[in-house]
Amino acid sequence: MSISRRNLLQISGATAGAAALPGSLGAFDQFFKPSLMAEANVTKMITCCGVCSPACGLQATVQDGVVKFIEGLPGDAHGEGHLCGKGAASAGFLYDPDRLKYPMKRTNPKKGFDEDPGWVRISWTEALDTIAAKMGDTLKAYGAESLLFVTLPSPDLWLRFMNAMGIVNRIDHIDECFQTDRIIQRYTVGAKTWCNDFENSKYILMFGWDIVAKAKIIYANGIVKARANGAKIVHFSPNATATSRLASEWHTIKPGTDLAVALAMINVILSENLYNKEFVDNYTNFAQYETEIRSHFAKYSPEWASEISGVPAEVIVRVAREFAASEAAIAPAHKKTLCANYSNATQLVHCISILNILAGTIDRPGGRYFPRTHSVPGVDAIYPPPAYPPKRGRRVDGRDKLFFVNETDTGMYSTLANGMLKEFPGMIKFAFWNAYTILAFPNPKTMEEAMKKVDFTVVMDFIPTDTCSMADIVLPSAMYLEGNDIVTRDYNAKYPQSIARAGVAAPIFETRSIAAVAIELGKRLCPDYFKTPAGDWINPSVLLDEKVKRAGLGENFADFRAKGIVENKAPFVPRTTFATPGGTNKCQIYVPQFEAQGGEALPNWYPKRDLPSNEYPYYYMTFIPAIHKRNTTQNNRLLSEIMSSNAANLNPALAKRLNIVEGQKVRLRSRVGAIELPAHLTETVPPDAVLVAHGFGHRSKLLGETGGKGVRDGDLIPESSIEEMIRLRNWGGSSCIMDAVCAIEPLK
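Residues numbered from 1 in each chain as written. Predicted model: local features only at pLDDT ≥ 70, side-chain atom pairs only at ≥ 80, totals over all residues. Heavy atoms only, no water.

Undergrad: So what's going on with the nonpolar core? Residues and values would help.
TA: Core analysis: the biggest nonpolar cluster contains 88 residues, and Leu205, Phe207 and Met265 have the highest contact counts within it. Top contributing element to this core by residue count: helix α10 (residues 258-271), with 11 residues. Leaving out residues up to four positions away in the same chain, phenylalanine 207 has contacts with Phe236, Asp258, Val261, Ala262, Met265, Leu338, Ile352 and Leu355. Phe430, Phe432, Ala515 and Phe530 belong to the second-largest nonpolar core, a separate cluster that totals 37 residues. (Core = buried A, V, L, I, M, F, W, Y, C linked by side-chain atoms within 4.5 Å. Buried < 20%, exposed > 50% of the residue type's maximum accessible area, 1.4 Å probe, protein only. Helix = DSSP H or I, 4+ residues; strand = E, 2+ residues; numbered from the N terminus. Contact = heavy atoms within 4.5 Å.)

Here it is in structure tokens:
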């Protein structure tokens, strides 16, 4: 049944309408029942979402300890009273019938996605004792380099544990996300910022990023407001998207050639002296390196870029002139699309940073700005630890060969399997995976093979992912609606605002937080790091109270929670100094530090890694649907009802040429693998490409909703090696997570 505003009102407005239509709305049926005259023990509780980084504020209606409804929080700087579909479906994560409920250990020594682990329930004490013993024995026998932790470096108690153990090989997904931009922004403007003042922008220039359909409410709201305020929005993207439809102009572009267009725009702005002279002269190193900068970009003409990208030269010239003349222009870059899709992503985000600098809108109205936030101390500031041991040993992912990647301490998903199987086979003896799944890796088959070779693996998650099927011990994780924390606003942050993430439901079954696990493992393996100066064990609740007090948010967390939101409104004062390395306090267009450490002072043109050929003639493109977050939400029954699988999206002209009709199964084949899935014909995809949604193809038989549905888009994406990255001048470590080409074969 399709839900329109009209029939939704008819259903919810009739006195007995919902009762008369049992199941008519499927997973939404429970939300459209007649209201009772009175509800016992019903409260509204303030907290914030945990699906993605903006952490929009939400209100949970709780009856007798059970979350009944979730909605946006008015007054919240990020959601502004709204939630995306994922946030609104939060209760579906909390009450997922497939949630991991208690610790389990494997009894079948044979590992693989299609093997039954033979799970046996165990106590938390047995689980923690076993993990500590295995980890301690491995550390003693093989050194710290033999321990692999696949996890983000948070929360701070978990990071403290890893630091105390001298963990060398901590791996995360940031090379698939924003690693390149974190490096570039640090050296060009001082730090990576998530703040984009779209509402006050007059010209928004976007490369690829489907900002409207990525369900970041804070950004979508800003773009809509900008459009209403008369801003011009220009979108370059190979395929037409929701952002393309909202934009003033959409220009199709060959995949992976955004860099050429950006280089040519800089050429136009410099050659015609259209840049913001006041900002560039006073707050950048342009004057110091003007000769080098002008000479470098002179070779990248609009005509040259047009040949490569397919964008007409006159469009490139016009857009560059309009962008520079608007006085409040912004070229945003967020995560995957610009920062990790292709091997030339580092050069692209460097160009984007230069465009923003030339526009003169760094930390200015209408541009990128730095967040004004409350200063919340971490555990090490409150309870200073003994000196951490030095981190000695080899990096299994080879990250240490990329200076700036190693410096930023992120990644490297894309090279991990190669390191474990080819560069350092047998080095990793113990692995701990926290809230990550193999599905996120390029060419997941190789990661499966790498995991089979690890002697002992621990996985902590809230549902039984594919990664869990490879574990020796599984730990059930609490989720964001079950815990307390401080969340500072860093997307819309012209003045400090913080929100209390408060548990709206007690942790169910035997779930615990990763912070609690850190403390318990710390007690067993490195006790001196988990004691207060008074000699007591660190108590997370006492620690949180102290953080709240020192940050000026309240007397303790209970006080902060009662307030819900704390903000300190103040006028926005633009920066006049920028904390770039080198001590000049200026933005850097020319970055000498890059050149000194194997990078490039100015961005050069390089093609993407994989280009169409006779064997693989089509661009392979992937996307993350707005209704899902990467590969973590597909088992949510509410979201799965909206989108439960993926398809090969093809242009009708290409389909006709290949004799493919709607719904017909096709085989997509790349140099590393093949997938088979139904075709969907759409004019939004260019006729030289195929587009597949990411996040499907879960193999775990314990995922009752999503297991076995769809295919893994990553099976066609080649994994990387550090040597390949160096050869391709991919010195920022882009994972090339969409850098593939394929053949398309119709199946009967």
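Undergrad: How would you explain the packing of aromatic side chains if you had to name every residue and give the values?
TA: Scanning the entire structure with this criterion turns up 34 aromatic pairs. Pairwise contacts between aromatic rings join Phe149, Trp158, Phe161, Phe430, Phe432 and Phe456 into one cluster. Above the face of the tryptophan 194 ring, lysine 335 is positioned so that its terminal group lies 5.3 Å from the ring centre. Positioned above the aromatic ring of tyrosine 369 is the side chain of lysine 494, whose terminal nitrogen or guanidinium carbon lies 5.7 Å from the ring centre. (Phe/Tyr/Trp six-rings, centres within 6.5 Å; stacked < 30°, edge-to-face > 60°. Lys NZ or Arg CZ within 6 Å of the ring centre and 35° of its normal.)

Undergrad: Account for the sheet that holds strand β1 (residues 42-48), with residues named and values stated.
TA: Taking strand neighbours across the sheet as the criterion, the 3 strands line up as β1-β2-β3 in an open arrangement whose pairing is antiparallel. Looking at which strands have only one partner, the edges of the open sheet turn out to be β1 and β3 (66-72). Shown here is a sheet whose adjacent strand axes are inclined to one another by a mean of 30°, direction ignored. With 6 bridges connecting them, strand β2 (residues 57-63) and β3 associate as antiparallel partners. Opposite alanine 60, over in β3, you have isoleucine 70 as the bridge partner. (Pairing = 2+ DSSP bridges. Axes fitted to C-alpha atoms, helices over the stretch in contact; angles between N-to-C directions.)

Undergrad: Give me the lowdown on the sheet that holds strand β11 (residues 249-251), citing residues and values where you can.
TA: In spatial order, the strands read β11-β10-β9-β12; together these 4 strands make up an open sheet with parallel pairing. Looking at strand neighbours, the two that pair on one side only are β11 and β12 (329-330), the edges of this open sheet. The pairing of strand β10 (residues 232-236) with β11 spans 3 bridges and is parallel. Residue pairing for β11: valine 234 is matched across the bridge by glutamate 249. Docked against the sheet, α10 engages β9 (203-207) and β10, running at close to 145° with respect to β9.

Undergrad: Go over unusual backbone geometry, please, and point to the residues and values.
TA: Looking along the chain, the bond that leaves serine 154 and enters proline 155 is cis, with omega of 0°. Position of proline 155 among the secondary structure elements: in the loop between β6 (147-150) and α6 (156-164). Residue methionine 412 follows glycine 411 across a cis peptide bond; omega there is 0°. Note that methionine 412 resides in the loop between α18 (403-408) and α19 (413-423). With phi around 50°, asparagine 443 is a residue other than glycine that occupies positive phi space.

Undergrad: Could you give an account of the environment of alanine 247, naming the residues involved and the relevant values?
TA: Relative to the helices and strands, alanine 247 resides in the loop between α9 (242-246) and β11. According to the relative accessible area criterion, alanine 247 is buried, its value standing at 8%. Once residues lying within four places of it in the same chain are set aside, the contact partners of alanine 247 are Arg227, Ile233 and His235.

Undergrad: Residues and numbers for helix α13 (residues 302-309), please.
TA: One full turn of an α-helix is made of 3.6 residues, so residues set three or four places apart face in the same direction. Among the residues of α13, Pro302, Ala305, Ser306 and Ser309 are the ones counted as buried. Around the axis of α13, the buried residues are gathered within 105° of arc, so they sit on the same side. When the buried face of α13 is taken as reference, the exposed residues oriented beyond 90 degrees from it are Glu303 and Glu307. Against the buried residues of α13 lie α10 and α14 (313-325). One or two positions beyond α13, positive phi appears at glycine 310, with a value near 85°. (Arc of directions from axis to C-beta.)

Undergrad: Residues and numbers for the side chain of serine 735, please.
TA: Mapped onto the fold, serine 735 is located in the loop between α27 (722-727) and β25 (740-746). We classify serine 735 as buried; its relative accessible area is 0%. Setting aside chain neighbours within four positions, we find serine 735 in contact with Asp175, Glu176, Ala340, Ser414 and Ser720.

Undergrad: Outline the pairing of strand β24 (residues 689-693), listing residues and values.
TA: With respect to burial, β24 is a largely interior element, 5 of its 5 residues being buried. Here β24 shows no split at all, with Ala689, Leu691 and Ala693 on one side and Val690 and Val692 on the other all buried. Two strands pair when backbone bridges link them, and strand β20 (residues 618-623) and β24 are joined in this way by 5 bridges, in the parallel orientation. Across the sheet, methionine 621 pairs through a bridge with leucine 691, a residue of β24. Across 3 bridges, the pairing between strand β21 (residues 648-650) and β24 is antiparallel. Paired with asparagine 649 across the strands is leucine 691, a residue of β24.

Undergrad: Residue-level account of the packing of helix α7 (residues 179-188) against helix α16 (residues 345-359), with values.
TA: Relative to each other, α7 and α16 sit at 40°, their axes nearing to 9 Å. Classed by the angle they form, the pair α7 and α16 counts as oblique. For the pair α7 and α16, the sense of crossing is right-handed. Between α7 and α16, the contacting residues are Thr180, Asp181, Ile184 and Thr188 on the first element and Ala345, Thr346, Val349, His350, Ser353 and Ile357 on the second. Class assignment of the residues belonging to the contact of α7 with α16 gives a composition of 4 nonpolar, 5 polar and 1 charged. (Parallel < 35°, antiparallel > 145°, perpendicular 65-115°, else oblique. Left-handed = near helix turned anticlockwise from the far one by under 90°. Nonpolar A, V, L, I, M, F, W, Y, C, P; charged D, E, K, R; others polar.)

Undergrad: Lay out the pattern of salt bridges with the relevant residues and their values.
TA: Tallied over the entire structure, the rule returns 51 salt bridges. Its salt-bridge partner being arginine 186, residue glutamate 407 comes within 2.9 Å of it at the nearest N-O pair. One end of the pair, glutamate 407, is in helix α18; the other, arginine 186, is in helix α7, with 221 residues separating them in the sequence. Owing to a relative accessible area of 36%, arginine 186 belongs among the partly exposed residues under this scheme. Among the ionic pairs, glutamate 723 bridges to lysine 401, the shortest N-O distance being 3.0 Å. Residue glutamate 723 is found in helix α27, and its partner lysine 401 is found in the loop between α17 (379-382) and α18; the two are separated by 322 residues along the sequence. On the basis of relative accessibility, which here comes to 36%, the residue glutamate 723 falls in the partly exposed class. The network of salt bridges with common partners includes Asp96, Asp98, Arg637, Glu705 and Lys709. (Salt bridge = Lys/Arg side-chain N within 4 Å of Asp/Glu carboxyl O.)

Undergrad: Before we move on, can you summarise the environment of alanine 450 with the specific residues and values?
TA: Assignment of secondary structure puts alanine 450 in helix α20 (residues 444-452). By relative accessible area, which is 2% here, alanine 450 ends up buried. Sequence-wise, alanine 450 and lysine 110 are 340 residues apart; in three dimensions their C-alpha atoms are separated by 14 Å. Those residues in contact with alanine 450 that sit more than four places away from it in its chain are Met420 and Leu421.

Undergrad: Got a sec to walk through the packing of α10 against α13? Specific residues and values, please.
TA: Where α10 meets α13, the closest approach of the two axes is 9 Å, and the angle between their N-to-C directions is 170°. Taken together, the axes of α10 and α13 are roughly antiparallel relative to one another. Remark: the crossing between α10 and α13 carries left-handed chirality. Contact residues: Ala260, Val261, Leu263, Ala264, Asn267 and Val268 in α10; Pro302, Trp304, Ala305, Ile308 and Ser309 in α13.

Just geometry here; none of it tells us what the structure is for.
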